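Inside the fold
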Amino acid sequence: MSGSNSGVQKRIMSVAPNASFVHCCAHNLNLVISDAAKSTQVANNFFGTVQAIFNFFSSSAPRWATLAFSEDFACKIRKKVLKKICPTRWEARHESVSALKQRYIDVLKSLINISLISKNVWENILRPLHGVSKMLQQQDMNLQNARDRLKDVYYLINELRSNYEDMVNNAKSLCLRWSLPVTYTEPRQIYAKKHFDEVDGDRRLTITTENFKIKVFYPIIDTVLMQLNIRFKAMDNVCTTFDFLNPNNLLCLREDNIVKESYDFIQTYKDDISSDFTGQILSLKELIKNKNLKSINEMANFILTNDIATSYSEILVACTIFLTLPVTVATAERSFSKLKIIKNYLRSSCSQNRLSNIAILNIEQKRTSELKTDKLIKDFSNLKARKMKFV
């Protein structure tokens, strides 16, 4: 899809050179978590343990009922149950880890050996990524807000790197509350005979706490930070092109900087934006000084509601280009998921034309709910009626 030589990106840009390529942010974030989970063998085994715990309880109805309702069947109060590990949607693994943390006391009745520190690390990483992933899939999300949310997550995870001791102390407090041992088992080291020209190894890696910090904690955090920088670089470049259109940035820029940015923007979109863009953006700056506009979307609405679209037509085109750049393809993928519901065994012989029409009705549910079904049925019956009305 994103191949620069023969992919869809190349084929679209050969027809429309001004088209901007932005990878789906939700998929990129999913790949960030996937790479972080595969960064170390300990992290990879951890999610295997979480899935094994789910399989153990879900394979038996009595065990699942005990976990779901706890031991007090008289109250019948539904508690949070364990969640299955999704092999593709890595951001959804926050629900699995969070459920395991909340029900850990009940799980301990059958499973004692679980890595509390690994669970504590992953929940702190997955919680902000899970929240951002949900926000990225909102219909009113634009690239500017998506970049701001991703920067917030980057700074939050970067702070975790220096808070290792706090995370260990939280894990130890959980262990003490559940009467679990908090000491590491240090295996006996086997030392080989050293010759006169050899130096001592790094002693820190022989200590279990330091070993976990260096071989597990740091690689996971560094992988997440590195992938967030690499995978969202294309989106950041596109947002940088439109940064001067943001009302907050526009009011802070000097006139010579605005002229330079507008000229560069005209060269990028020379087929869509004319040379009048520079004069319009300088004029609009004076108009919005006291309007408290915070985003490009609000600026476009301001132009339309005040009926000044003819005076600032080039700015409106620039805003339209930015607002039509997709953040994710989650909505389009949900439409593909509709096929599993639509084409069941009752519609196995459904024609392509009918299947397409039913899919459109399911995808556009808002428009479908506004249709007057009774009137449509009446019109359809009149078209198919054999009895003609001559009067």
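In this text, all values refer to a predicted model and were calculated from it rather than measured experimentally.

Before going further, it helps to examine the overall build of the protein. Helix and strand counts for the protein come out as 20 helices and 0 strands. Considering the protein as a whole, with its 391 residues, one finds that 37% of them fall into the buried category. Sequence-distant contacts in the protein: of pairs separated by 6 or more residues, those separated by 24 or more amount to 67%. Of the roughly 24700 Å² of accessible surface on the protein, a fraction of 53% belongs to carbon and sulfur atoms.

Here we take up the packing of aromatic side chains. All chains considered together, the criterion is met by 10 aromatic pairs. On the basis of an interplanar angle of 75° and a centroid distance of 6.0 Å, the ring pair of Tyr154 and Tyr155 is categorised as edge-to-face. Residue Tyr154 is classed as partly exposed on the basis of its relative accessible area of 23%. Centroid distance Phe242 to Tyr269: 5.8 Å. Interplanar angle 50°. Geometry classified as tilted. Of this pair, Phe242 sits in the loop between helix 11 (233-241) and helix 12 (247-252) while Tyr269 sits in the loop between helix 13 (255-268) and helix 14 (277-287); the two residues are 27 residues apart in sequence, bridging distant segments of the chain.

This part covers helix 13. For helix 13, built from 14 residues, the straight-helix expectation of 20 Å at 1.5 Å per residue is met to within 8% by its first-to-last C-alpha distance of 20 Å. Here helix 13 has its buried residues at Ile258, Ser262, Phe265 and Ile266. For helix 13, the arc enclosing every buried residue in end-on projection is 100°, short of the 170-degree limit, so these residues lie on one face. With respect to the buried face of helix 13, the exposed residues turned more than 90 degrees away are Lys260 and Gln267. In this fold, the buried residues of helix 13 make contact with helix 11, helix 12, helix 14 and helix 16 (313-323).

Attention shifts here to the confidence of the model for the protein. Per-residue confidence for the protein averages 77 on the pLDDT scale, and 75% of its residues sit at or above 70. Across the protein, element-level confidence peaks in helix 16 with a mean pLDDT of 90 and bottoms out in helix 6 (residues 104-107) with 65. Predicted confidence for residues 73-78 stays below pLDDT 50, and this span has 7 contacts to residues more than four positions away or in other chains. Counted against residues more than four places away or in other chains, residues 109-117, with its pLDDT under 50, gives 19 contacts.

Structurally, Ala234 is set in helix 11. In the structure, Ala234 is positioned 212 residues away from Val22 in sequence and 6.2 Å away in space, judged by C-alpha atoms.

This next bit is on the side chain of Ser262. Within the secondary structure, Ser262 sits in helix 13. At 3.1 Å, the side chain of Ser262 forms a polar contact with the side chain of Thr278. In contact with Ser262, not counting residues within four places along its chain, are Phe244, Phe277, Thr278 and Ile281.

Before going further, it helps to examine the pattern of salt bridges. Throughout the structure, instances matching the rule amount to 9 salt bridges. Across the salt bridge formed by Asp222 and Arg161, the nearest N and O atoms sit 2.7 Å from each other. In this pair, Asp222 is assigned in helix 10 (residues 208-231) and Arg161 in the loop between helix 8 (143-160) and helix 9 (164-177), connecting sequence segments 61 residues apart. When its relative accessible area of 31% is taken as the criterion, Arg161 is described as partly exposed. A salt bridge links Asp264 to Lys260; the shortest N-O distance between them is 3.4 Å.

Turning our attention to the environment of Leu136. One can find Leu136 in helix 7 (residues 116-136). With a relative accessible area of 1%, Leu136 lands in the buried category. For the pair Leu136 and Arg149, spaced 13 residues apart in the sequence, the C-alpha separation amounts to 8.6 Å.

A positive phi angle, close to 55°, is found at Asn292, a residue other than glycine. Mapping Asn292 onto the fold places it in the loop between helix 14 and helix 15 (296-305). Even without being glycine, Asp307 reaches a positive phi, approximately 55°. Judged by its relative accessible area of 67%, Asp307 is exposed.

What counts, and where the lines are drawn
Residues numbered from 1 in each chain as written. Predicted model: local features only at pLDDT ≥ 70, side-chain atom pairs only at ≥ 80, totals over all residues. Heavy atoms only, no water. Helix = DSSP H or I, 4+ residues; strand = E, 2+ residues; numbered from the N terminus. Buried < 20%, exposed > 50% of the residue type's maximum accessible area, 1.4 Å probe, protein only. Contact = heavy atoms within 4.5 Å. Areas by Shrake-Rupley, 256 points an atom, 1.4 Å probe, with all protein chains shown as cover. Phe/Tyr/Trp six-rings, centres within 6.5 Å; stacked < 30°, edge-to-face > 60°. Expected span 1.5 Å × (residues − 1). Arc of directions from axis to C-beta. pLDDT = per-residue confidence, 0-100. Polar contact = N/O pair within 3.5 Å; in protein donor to acceptor, adjacent residues only side chain to side chain. Salt bridge = Lys/Arg side-chain N within 4 Å of Asp/Glu carboxyl O.

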